[in-house]
Amino acid sequence: MGTKGKVIKCKAAVAWEAGKPLCIEEVEVAPPKAHEVRVQIIATAVCHSDHHPIDPKAEETFLPVILGHEGAGIVESVGPGVTGFKPGDKVIPLYMPQCKNCKLCLSPLTNFCEKFNLTKSPLLDQELMEDKTSRFTCKGKPIYHFFGTSTFSQYTVVSDKNLAKIDDDANLERVCLLGCGFSTGYGAALNTAKVTPGSTCAVFGLGGVGLSAIMGCKVAGASRIIAIDINSEKFTKAKALGATDCLNPRDLDKPVQEVIIEMTNGGADFALDCAGGSEAMRAALDCVRVGWGSCTLIGVAMGDKGLTISPLELIMGRTINGSSFGGWKSVDSVPKLVTDYKNKKFDLDALVTHTLPFDKINEAFDLLHQGKSIRTVLIF
């Protein structure tokens, strides 16, 4: 390779301050230390969570930072003690680690790992490597990592617990979506909500996660899938992926949850909130039926006040739960999802609305915020 053990200079998008566009800079990426892997990122997509740390409403944040957590690439070199990866392997960096040794990893009840800091906001987790230092330098300053992945850099360094080795013939410009958006929505329907055949589902928010949740509901055999978004332009795609009904709360003369209860003769069996925000969470919980209705929260809105619940709502048999990374044990599951994509079990192409060169990353964020894109894939 010629670069093993040396510092690599490459392009990255650095967030220097909140509320400002990212800057394309030359950064220095140090070689991997013990149990670390340096990866050349080939493709990375832009997700709403990449904006949270630079959102002016964010309560705490680490800056400057290299964001990005939905990428795919090729191993450039490995540090001491790494046995599962070799240069040339195709890989997907994972913000949800899987060490396979801790109490959480050994339990079938969760996909969390103790290497994921459960005591603070997950968006601020893994901002440094395990030795509490950074592998990125720019203009002489250390730059924070993001989510243990930092895919907005042509080269990044990740822990070998935050990496999945995938098939050599995988299309990196598509399977990068398995790093977050697709896996999150699809898995929330299958693994967390455990949608049942013949059931009625309501999916709030039709971005990449929401459309992936619709795919999951369809694969699970739901007979009716109601898609809800304030942008009606997203309905065509939602229907193509399996939605049977579409509702825009802004076009209704009563709250959307009341409309869903009428349409379904008592409420949906499952609701998945992929939008975040107290209004969507409230509607998702209210629209599920008494007795067994289940509401799964997936979306997060920055600076939101959250949800107030009275015990009565839950005493009536409704349940509420949350899903992170779709409930998948990351290192084990992502390679299988890549194989499922290759076998046409689901369609990632439908989620990619734009492909741009990496330098146009700020344009990709604009498209996302304007609701004009589902996923934009950036190519180095």
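Here, the structure is the one placed above.
Owing to the predicted nature of the structure, the values given are computational and were not obtained by experimental measurement.

Asks: Would you mind showing me how to read the environment of Lys-9 here?
Replies: Its place among the elements puts Lys-9 in strand β1 (residues 8–14). Residues Lys-9 and Thr-137, 128 residues apart in the sequence, show an inter-C-alpha distance of 9.5 Å.

Asks: What is the right way to look at the pattern of salt bridges in this model?
Replies: Inspection of every chain in the model, using the stated rule, returns 21 salt bridges. Between Glu-130 and Lys-115 there is a salt bridge; the shortest N-O distance is 3.1 Å. Residue Glu-130 is located in the loop between β5 (90–93) and β6 (136–138), and its partner Lys-115 is located in the loop between β5 and β6; the two are separated by 15 residues in the primary sequence. Its relative accessible area of 34% is what places Lys-115 among the partly exposed residues. Arg-289 is paired through a salt bridge with Asp-269; the nearest N and O atoms lie 3.6 Å apart. One end of the pair, Arg-289, is in the loop between α6 (278–286) and β14 (294–297); the other, Asp-269, is in the loop between α5 (256–263) and β13 (270–273), and 20 residues separate them in sequence. An identical accessibility class is assigned to Arg-289 and Asp-269; each is buried. A single network of salt bridges, built from pairs that share partners, joins Lys-33, Glu-36, Asp-131 and Arg-135.

Asks: Would you mind showing me how to read the nonpolar core here?
Replies: Nonpolar side chains in soluble globular proteins generally cluster together in the buried interior. Within the largest apolar cluster, 91 residues are counted, with the highest numbers of intra-cluster contacts made by Phe-152, Val-175, Leu-178 and Ile-214. Element by element, the count of residues in this core is highest for helix α3 (residues 208–219), at 6 residues. Setting aside residues no more than four positions away along its own chain, Ile-214 makes contact with Val-203, Leu-206, Ile-225, Ala-227, Ala-238, Leu-241, Gly-242 and Ala-243.

Asks: Can you help me understand the sheet that holds β1 in this one?
Replies: For sheets, the rule is that strands pair by backbone hydrogen bonds, running either parallel or antiparallel. Sheet architecture is open: 4 strands sit in the order β1-β2-β6-β7, paired in antiparallel fashion. The open sheet has two edge strands with one neighbour each: β1 and β7 (141–143). On average, each strand axis in the sheet is inclined to that of its neighbour by 45 degrees, with strand direction left out of account.

Asks: Please clarify how the packing of aromatic side chains should be interpreted in this entry.
Replies: When we look at a pair of aromatic rings, we describe it by the centre distance and by the angle of the planes. All told, the structure shown has 12 aromatic pairs when counted by the stated rule. Judged by centre distance (5.5 Å) and plane angle (80 degrees), the ring pair of Tyr-95 and Phe-325 falls under edge-to-face. On the criterion of sequence distance, the pair formed by Tyr-95 in the loop between β5 and β6 and Phe-325 in the loop between β15 (319–322) and α8 (330–342) is long-range, its members being 230 residues apart. With a relative accessible area of 7%, Tyr-95 lands in the buried category. With a centroid separation of 6.4 Å and 25 degrees between ring planes, the pair formed by Tyr-341 and Phe-346 is classed as stacked.

Asks: Just to check I follow, could you spell out the packing of α5 against α6 for this structure?
Replies: Each pair of packed helices can be described by the angle between their axes along with the distance between the axes. Where α5 contacts α6, the axes come no closer than 8 Å and their chain directions differ by 20 degrees. Relative to α6, the element α5 is oriented roughly parallel. Between α5 and α6 lies a crossing of right-handed hand. Counting all contacts with α5, which are made through Val-256, Gln-257 and Ile-261, the residues of α6 involved are Arg-282, Ala-283 and Asp-286. Considering only residue class, the contact of α5 with α6 consists of 3 nonpolar, 1 polar and 2 charged.

Asks: Honestly, the sheet that holds strand β12 (residues 245–247) in this entry has me stumped. Any pointers?
Replies: Across the sheet, which stays open at both edges, the 6 strands sit in the order β12-β11-β10-β13-β14-β15 with parallel pairing between neighbours. Only two strands of the sheet have a single partner each, and these edge strands are β12 and β15. Strand-to-strand twist across the sheet, computed as the mean angle between neighbouring axes with direction ignored, equals 20 degrees. With 4 bridges connecting them, strand β10 (residues 200–204) and β13 associate as parallel partners. The residue of β13 that forms the bridge with Cys-201 is Phe-270. In the packing of α3 onto the sheet, the strands contacted are β10, β11 (224–228) and β13, and the crossing angle to β10 comes to about 170 degrees.

Asks: I'm lost on unusual backbone geometry in this one. Help?
Replies: For residues that are not glycine, phi is negative in most cases, and the peptide bond is trans in most cases. The residue after Leu-63, namely Pro-64, is reached through a cis peptide bond having omega -10 degrees. Although it is not a glycine, Phe-325 sits at a positive phi angle of roughly 50 degrees. Assessed through its relative accessible area of 1%, Phe-325 is described here as buried.

Asks: Got a minute to help me understand the packing of helix α2 (residues 181–192) against α3 in this structure?
Replies: Contact pair α2 / α3: the axes reach a minimum separation of 7 Å and the direction vectors enclose 40 degrees. The orientation of α2 with respect to α3, classified from their angle, is oblique. The hand of the α2/α3 crossing is right-handed. Between α2, through Gly-181, Phe-182, Thr-184, Gly-185, Tyr-186, Ala-189 and Leu-190, and α3, the contact on the second element is made entirely by Gly-208, Val-209, Ser-212, Ala-213, Met-215, Gly-216, Cys-217 and Val-219. Tallied by class, the residues present in the contact of α2 with α3 amount to 9 nonpolar, 6 polar and no charged.

Asks: Hey, could you run me through the environment of Thr-133 in this one?
Replies: Summarising the element assignment, Thr-133 is placed in the loop between β5 and β6. For Thr-133, a relative accessible area of 30% translates into the label partly exposed. Ignoring any residue separated from it by four or fewer positions in sequence, one finds Thr-133 in contact with Lys-33 and Leu-128. Among the polar contacts made by the side chain of Thr-133, one reaches the side chain of Asp-131 at a distance of 2.7 Å. One polar contact links Thr-133 to Arg-135, side chain to side chain, over a distance of 2.7 Å.

The rules behind these values
Residues numbered from 1 in each chain as written. Predicted model: local features only at pLDDT ≥ 70, side-chain atom pairs only at ≥ 80, totals over all residues. Heavy atoms only, no water. Helix = DSSP H or I, 4+ residues; strand = E, 2+ residues; numbered from the N terminus. Salt bridge = Lys/Arg side-chain N within 4 Å of Asp/Glu carboxyl O. Buried < 20%, exposed > 50% of the residue type's maximum accessible area, 1.4 Å probe, protein only. Core = buried A, V, L, I, M, F, W, Y, C linked by side-chain atoms within 4.5 Å. Contact = heavy atoms within 4.5 Å. Pairing = 2+ DSSP bridges. Axes fitted to C-alpha atoms, helices over the stretch in contact; angles between N-to-C directions. Phe/Tyr/Trp six-rings, centres within 6.5 Å; stacked < 30°, edge-to-face > 60°. Parallel < 35°, antiparallel > 145°, perpendicular 65-115°, else oblique. Left-handed = near helix turned anticlockwise from the far one by under 90°. Nonpolar A, V, L, I, M, F, W, Y, C, P; charged D, E, K, R; others polar. Polar contact = N/O pair within 3.5 Å; in protein donor to acceptor, adjacent residues only side chain to side chain.

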